[in-house]
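Survey of secondary and tertiary structure
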Amino acid sequence: MLATTLVRSAAVFACSIVLLVIAFLAREAWPAISELGPRLLLDESWHPKATASTGTFGIWPMIVGSLAVTAGSVAIAAPVGVSSAVFSEYYAPRVIAVAYRRWVELLAGIPSVVFGFWGLVVLAPLIARISPPGQNLLCGMLIVTIMILPTIMLVVQSTFASVPRIYLAGAVALGMGRWAVIRQVVLPTSRRGIATGVMLGATRAVGETMAVVMVCGNVVKTPQSIFDPVRTLTANMALEMSYAMGMHRNALFASGLILMLVCALAIVSVNVASRRA
Amino acid sequence: MNFSYALMLMVSVFSLCGCSPSSSLENTGLSTTQRVDSPATSGLSGKIEVTGSSTIAPLMTEIAKRFESFHPGVRVNVQMGGSSRGITDARQGLADVGMVSRDLKSDEADLKHFEIARDGVCMIVHADNPIGELNRDQVMGIYTRAITNWEDVGGTDAKIVVVNKAEGRSTLEIFLDYFKLKAEQVQADIVIGDNEQGVKTVSTSPAAIGYVSVGTAQYDKDLGTPIKLLSIDGVDASVATVADRTFPISRTLNLVTKDEPTGLVKQFIDFATSADVHDLVRELAFVPLEN
Amino acid sequence: MNQESCVRLAESGRVGERLTSIAIWFMASSVACVLLCIIGDLVWHGVAGLSLDFIIAAPARSGREGGVGPILVSTFVVLTIAIAVSMPIGLATAIGLSEFTSRESRFATFVGHGLDLLAAVPSIVFGLFGNALFCNLLGLGYSILAGGLTLACMVLPILARTIEASLRNVPDDYRVASASLGICRARCTASILLPAASSGIVVGLVLGIGRVLAETAALLFTSGYVDRMPRTAMDSGRVLSVHIYDLAMNIPGGTENAYTASLLLVGLLVGINLTASILVRYLFPTQRVV
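Residues numbered from 1 in each chain as written. Chains lettered and ligands numbered in written order. Predicted model: local features only at pLDDT ≥ 70, side-chain atom pairs only at ≥ 80, totals over all residues. Heavy atoms only, no water.

**Considering the overall build of chain A**
The line we're drawing: Numbering goes from the N terminus for both helices and strands, where a helix is a DSSP run of H or I of at least four residues and a strand is a run of E of at least two. Relative accessible area decides the class of each residue, using a 1.4 Å probe on protein chains only: under 20% of the type maximum gives buried, over 50% gives exposed, and in between gives partly exposed. In this analysis, two residues are considered to be in contact whenever any of their non-hydrogen atoms come within 4.5 Å of each other. When charges are tallied, Lys and Arg are placed among the positive residues and Asp and Glu among the negative ones, while His and the ends of the chain are skipped. Every charge is mapped to an atom, namely NZ of Lys, CZ of Arg, CG of Asp or CD of Glu.
The helix and strand tally for chain A stands at 12 helices and 2 strands. Along chain A, helices (α) and strands (β) appear in the sequence α-α-β-β-α-α-α-α-α-α-α-α-α-α when read from the amino end. The dimensions of chain A, computed from C-alpha atoms along their principal axes, are 75 × 60 × 30 Å. Sorting the 277 residues of chain A into buried and exposed places 63% on the buried side. If you take every contact in chain A between residues at least 6 apart in sequence, the share linking residues at least 24 apart comes to 69%. Computed over 19 positive and 9 negative side-chain charges, the separation of the two mean positions in chain A equals 15 Å.

Quick look at the structure:
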């Protein structure tokens, strides 16, 4: 009985933190929401000033930017991460598998500043050869992919490690090939673990701040192709928060709040959709 | 049952408000006859909180260290958060001194400000770019996309990559002011935040043009970074020309306090604006103010 | 015989199998190459500055000279506080979600959504939130403690979700068998399920530690910018990632030491990950059930 109380309290506590964060954002954003209202989505540009009447506060291109970077990076990182986990668990010889895993674990701790820096001085010039300048949506997607890859790979691999031996032994005994075993036995059994890993990766991607500031170009325009510069909502807050006063500051918090709302919608709909499946 | 747990936990979290707030103005043992620049141990002790601009923070950290070495009983904590935080924290008393890397606006006249350095703003291009100077019209044309190719201003055939700064930043406002541009007119390819980001963007992009702090650009160029400082309207851009006021585009770096500073804070501000720290100012590529 | 060798015994001679094998090896090599590029870049630029003096000495000339001694101390203390606070709560939450509530219940769904949303909060929002809550409202000021607590909030969903997933992966046989032996749920969880899920706990810990060491924006506004050696956890202290950001983006001429500090961070990571891995396996010895 005590155990149940304890663990449920912990769970409620964990949840209450996110409510506090949303309450904080809402409080700081309130002046912007009440005075600007739909202008946040409808204004044609983002040139904020300290008062509502003198500036424009359209954040729509940045919502698209955030979604594009997140969707793109998850689309690449999920299959690559799962394949890496498959490689490490089932294809690589023991020594290589352990080394590979440690190598990827290293990536999980490298600061976002270092990734951003590497993207700025190495990756962006590379992309610039195809389409100058190199700081654009593609660069952002690739950098964020590299950042969330360890999360997805490590969680998925841990799930693979707990697939019951009986399933595998039985499939092998039936004469199934290695990939067939993986595709038809391992992957379906690990669905929930893969979902957890991808969800953790996706939420990391959407919240990434420092790296995207350095590689995405930060121009407030809806991207027409992956070679266009974008600005995400998080980069927007990071870039302008230090100098923003008055309504500008409130509008920045409002953009953070809107990001949270979009995420909440996405999380709930993903869970509902997976439940239906 | 779950709701009551939630309530219980929220209450316990908020009841932690009993923690002692950090008192920032403990001034004890202050002797008014003590000279600030005496290296002998002094009786000064206390804590000073300084928050604000990330441009000034490194400079203030070094000044604070030197001040602490003269007065071992004093601790000066320098934090970043942006110029706007410097202003609001000074006003609300959350900090003793605010750092603001721009000239104060008219609605900030209630604060007392003290200038500690000057910083110029210059245009930079990649070192391989043959262009060495531009005039005002050309810069305006480039930034409004009336001119899109380096050929049109005498360079090689390459599409110009325009680098602009993010909204609200003082470097942006000075730039717009000097070149008589409005923020809406500028069409950039890349928008950057800090000066170093600007330098690294331009140094890795041969067709780029941007504007950053003169001191930062010159320091990096001397270290070998492949950038070039452009002359504007015939005036070379360098720390020297900012110092003798011939270079037209510049801003002051300020410290602000809510009221006229007294006691420990006054000693510190006097020290920070004195000639004793001019070498520290130069170290970080700013221009000291010769009073 | 363990399960991986089971699968490796599977027939892999057919063409389709060969092709998939090649594709997977190719993909893994590409990933390894990209990682090599990044870490190689760090080593190339940073190894020259690495020395004992760099690890121990205090920063001088805004970090362009000297070392990162006090900064390492601050980093370790923040890491310890963050993990010490978030581990128990994360563990309890994970156990609660996996063992003590039914998967379809509204409580589990609600808490799950809350955790996922918490994981999605941007780091800069955490920084501002931590500053408002821990530094201002709770009166801690810019301090290592405030930084550790803020980071505990950030790391909590990672720990909770990962451990929950690994607990769910433990076969129900264990639970059924222990119930039939009359072992109560709490005991079963502590003695049987957690050790069985220890690899997942290690993953959660590694990801959490990685997140703490990698985080910049959140700590800039909570544990602060002061690079002095902290005397207590209530002192402000710069952490290594903030120092790297400062050197790379704020100080002219600081790029070289930024690389060296990054390399040092990577080295620390290797050490900390190994230690965490060994520690968890010591605390929860995996019983190999035949």
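From this point on, the discussion continues.
**Considering the overall build of chain C**
We apply this condition: Each accessible area is a Shrake-Rupley estimate made with a 1.4 Å probe; only the visible protein chains count as cover when residues are assessed.
When helices and strands are counted, chain C shows 13 helices and 2 strands. When the backbone C-alpha atoms are referred to their principal axes, chain C occupies close to 65 × 55 × 30 Å. When burial is assessed residue by residue, chain C has 63% of its 290 residues classed as buried. For chain C, the share of sequence-separated contacts (at least 6 apart) that also reach a separation of at least 24 residues comes to 73%. Counting every atom, chain C has about 10700 Å² of accessible surface; 68% of that belongs to carbon and sulfur.

**Brief notes about the interface of chain A and chain C**
Which entries qualify depends on this criterion: Buried area is a sum: the accessible area each of two parts loses on coming together, probed at 1.4 Å, counted once for each and added. Salt bridge, as used here, is a side-chain nitrogen of Lys or Arg placed within 4 Å of a carboxyl oxygen of Asp or Glu. Polar contact is the term for a pair of N or O atoms within 3.5 Å; when the atoms are in protein, one must be able to donate a hydrogen and the other to accept it, and sequence-neighboring residues count only if both atoms are side-chain atoms.
Opposite the 96 residues of chain A that make contact, chain C presents 94 residues. Between chain A and chain C, roughly 8300 Å² of surface is buried when both sides are summed, and carbon and sulfur atoms account for 75% of that area. Run the count over chain A and chain C and you get 0 salt bridges. Taken together, the connections running from chain A to chain C amount to 9 residue pairs in polar contact (both at pLDDT 80 or more). Among the elements that take part in the side of chain A that touches chain C, helix H1 (residues 2-36) of chain A stands out by supplying 17 residues, more than any other.

**Details of the nonpolar core**
Condition: Nonpolar cores are built from buried Ala, Val, Leu, Ile, Met, Phe, Trp, Tyr and Cys residues. Side-chain atoms within 4.5 Å join them into one set.
Residues Met123 and Tyr143 of chain B are the most contacted members of the largest nonpolar core, which totals 284 residues. Of the residues forming this core, the biggest block, 16 residues, is contributed by helix H6 (residues 137-160) of chain A. Ignoring anything within four residues of it in the chain, the contact list for Met123 of chain B reads Val139, Tyr143, Phe175, Phe179, Ile209, Gly210, Tyr211, Lys228, Leu229, Leu230 and Ile232 of chain B. Membership of the second largest hydrophobic core comes to 6 residues, among which are Met245 of chain A together with Ile87, Leu111 and Val256 of chain B.

**Digging into empty space enclosed by the protein**
Heads up, the condition is: Think of a 1 Å grid over just the protein atoms. A cavity is a set of points where a 1.4 Å probe fits yet cannot get out, a pocket is an open set with protein on both sides within 12 Å along at least five of seven lines, and lining residues have an atom within 4 Å of a point. Grid points are joined across faces, edges and corners, and a volume is the space filled by probe spheres set on the points. Each residue gets one of three labels, nonpolar for Ala, Val, Leu, Ile, Met, Phe, Trp, Tyr, Cys and Pro, charged for Asp, Glu, Lys and Arg, and polar for the others, Gly among them.
Tallied over the entire structure, the rule returns 7 cavities of 30 Å³ or more. In this structure, the largest cavity occupies an estimated 340 Å³ of space. Lining of the largest cavity is provided by 22 residues; of these, Met210 and Ala238 of chain A, Arg169 and Asp194 of chain B together with Tyr245 of chain C occupy positions nearest its centre. Within the residue set of the lining of the largest cavity, elements represented by two or more residues are helix H10 (210-215) and helix H11 (233-240) of chain A together with helix H11 (217-220) and helix H12 (240-249) of chain C. Here the lining of the largest cavity takes 3 residues from H10 of chain A, the largest share from any one element. Per-class residue counts for the lining of the largest cavity are 13 nonpolar, 7 polar and 2 charged. Taken together, 17 residues line the second largest cavity, and the ones lying closest to its centre are Ser54, Thr55, Asn195 and Arg251 of chain B together with Asn250 of chain C. Class assignment of the residues belonging to the lining of the second largest cavity gives a composition of 6 nonpolar, 7 polar and 4 charged.

**Examining the pattern of salt bridges**
Residues and elements named next belong to chain C. Taken as a whole and assessed by the stated rule, the structure comprises 33 salt bridges over all chains. Between Glu65 and Arg61 there is a salt bridge; the shortest N-O distance is 2.8 Å. Using a relative accessible area of 39% as the deciding quantity, one classes Glu65 as partly exposed. Arg238 serves as the salt-bridge partner of Asp227, at 3.8 Å between the closest nitrogen and oxygen. A residue pair is termed long-range when its members are at least 10 positions apart, and Asp227 in the loop between H11 and H12 and Arg238 in the loop between H11 and H12 qualify at 11 residues. The same class applies to Asp227 as to Arg238, namely buried.

**Notes on a positive patch on the surface**
For clarity, the cut-off: The residues that make up patches have over 30% relative accessible area and no salt bridge, and they are joined within 9 Å when like-charged or within 5 Å when they are Val, Leu, Ile, Met, Phe, Trp or Tyr.
Judged by side-chain charge, Arg191, Arg192 and Arg275 of chain A together with Arg103 of chain C come together as a positively charged surface patch. In this fold, Arg192 of chain A is placed in helix H9 (residues 191-207).

**Structural notes on the interface of chain C and chain B**
Contacts between the two partners involve 32 residues from chain C, matched on the other side by 37 residues from chain B. Of all residues in chain C, Tyr225, Arg228 and Pro252 of chain C give up the largest surface area on contact with chain B, accounting jointly for 21% of the area buried on that side. There are 5 salt bridges connecting chain C and chain B. For the side of chain C that touches chain B, the secondary structure elements donating two or more residues are helix H6 (123-137) and H12 of chain C. Sort the elements by how many residues they give to the side of chain C that touches chain B and H12 of chain C lands first, with 4 residues. Of the residues that constitute the side of chain C that touches chain B, the class distribution is 15 nonpolar, 10 polar and 7 charged.

**Points about unusual backbone geometry**
Despite not being glycine, Arg145 of chain B shows a phi value in the positive range, around 70 degrees. The residue Arg145 of chain B is located in the loop between helix H4 (136-143) and strand S6 (161-165) in this model. The residue Ser62 of chain C is not glycine, and still its phi comes out positive at about 60 degrees. Mapped onto the fold, Ser62 of chain C is located in the loop between strand S1 (59-60) and strand S2 (65-66).

**Examining the packing of aromatic side chains**
Here is the rule we go by: Note on aromatic contacts: the rings of Phe and Tyr and the six-membered ring of Trp form a pair at centre separations within 6.5 Å, being stacked when their planes are under 30 degrees apart, edge-to-face when over 60 apart, and tilted otherwise. By definition here, charges over rings are those cases where NZ of Lys or CZ of Arg is within 6 Å of the ring centre and within 35 degrees of the ring normal.
Taken as a whole, this structure holds 15 aromatic pairs over all chains when the rule is applied. Their ring planes at 75 degrees and their centres at 5.1 Å tell us that Phe87 of chain A and Tyr100 of chain A sit as a pair that is edge-to-face. Of the two residues, Phe87 of chain A sits in helix H3 (residues 60-91) while Tyr100 of chain A sits in helix H4 (residues 94-107), which places them 13 residues apart along the sequence. For the pair Phe87 of chain A and Tyr100 of chain A, one class covers both residues: buried. Site record: aromatic cluster; members linked through ring pairs are Tyr143, Phe175, Tyr178, Phe179 and Tyr211 of chain B. Directly above the aromatic system of Phe107 of chain C lies the positively charged group of Arg8 of chain A, at a separation of 5.2 Å from the ring centroid. Just above the ring of Tyr91 of chain A sits the side chain of Arg178 of chain A; from NZ or CZ to the centre is 4.8 Å.

**Remarks on the confidence of the model for chain C**
Short version of the rule: Every residue carries a pLDDT, the predictor's confidence in it, which falls somewhere between 0 and 100.
The predicted model of chain C has a mean per-residue pLDDT of 88, with 93% of residues at 70 or higher. Note on the complex model: pTM 0.89, ipTM 0.89.

**Description of the state of the cysteines**
Here is the rule we go by: The criterion for a disulfide is a pair of cysteine sulfur atoms lying within 2.5 Å.
Throughout the structure, instances matching the rule amount to 0 disulfides over all chains. Distance from the sulfur of Cys184 of chain C, which forms no disulfide, to the nearest cysteine sulfur (Cys188 of chain C) is 8.5 Å.

**Focus: the pairing of strand S8 (residues 208-213) of chain B**
Residue and element names in this part refer to chain B. Inclusion rule: If DSSP finds at least two bridges between two strands, the strands pair.
Burial runs high along S8: 6 of the 6 residues are buried. Across 2 bridges, S6 lies against S8 in parallel orientation. Paired with Val162 across the strands is Ile209, a residue of S8.

**Description of the side chain of Thr162 of chain C**
Mapped onto the fold, Thr162 of chain C is located in helix H7 (residues 144-169). For Thr162 of chain C, a relative accessible area of 3% corresponds to the buried category. A distance of 2.5 Å separates the side chain of Thr162 of chain C from the backbone oxygen of Ile158 of chain C, its partner in a polar contact. Dropping the residues within four chain positions of it, Thr162 of chain C is found in contact with Val155 and Leu200 of chain A together with Gly200, Val203 and Gly204 of chain C.

**Structural notes on helix H5 (residues 112-128) of chain A**
Basically, it comes down to this: At every residue, the bend is computed as the angle between two fitted axes, covering the seven residues ending there and the seven beginning there respectively.
Of all the bends in H5 of chain A, the largest measures some 40 degrees and sits at Gly119 of chain A. Burial runs high along H5 of chain A: 12 of the 17 residues are buried.

**Description of the side chain of Ser166 of chain C**
Within the fold, Ser166 of chain C resides in helix H7. Not counting residues within four places of it along the chain, the set of residues in contact with Ser166 of chain C comprises Ala197, Gly200 and Ile201 of chain C.

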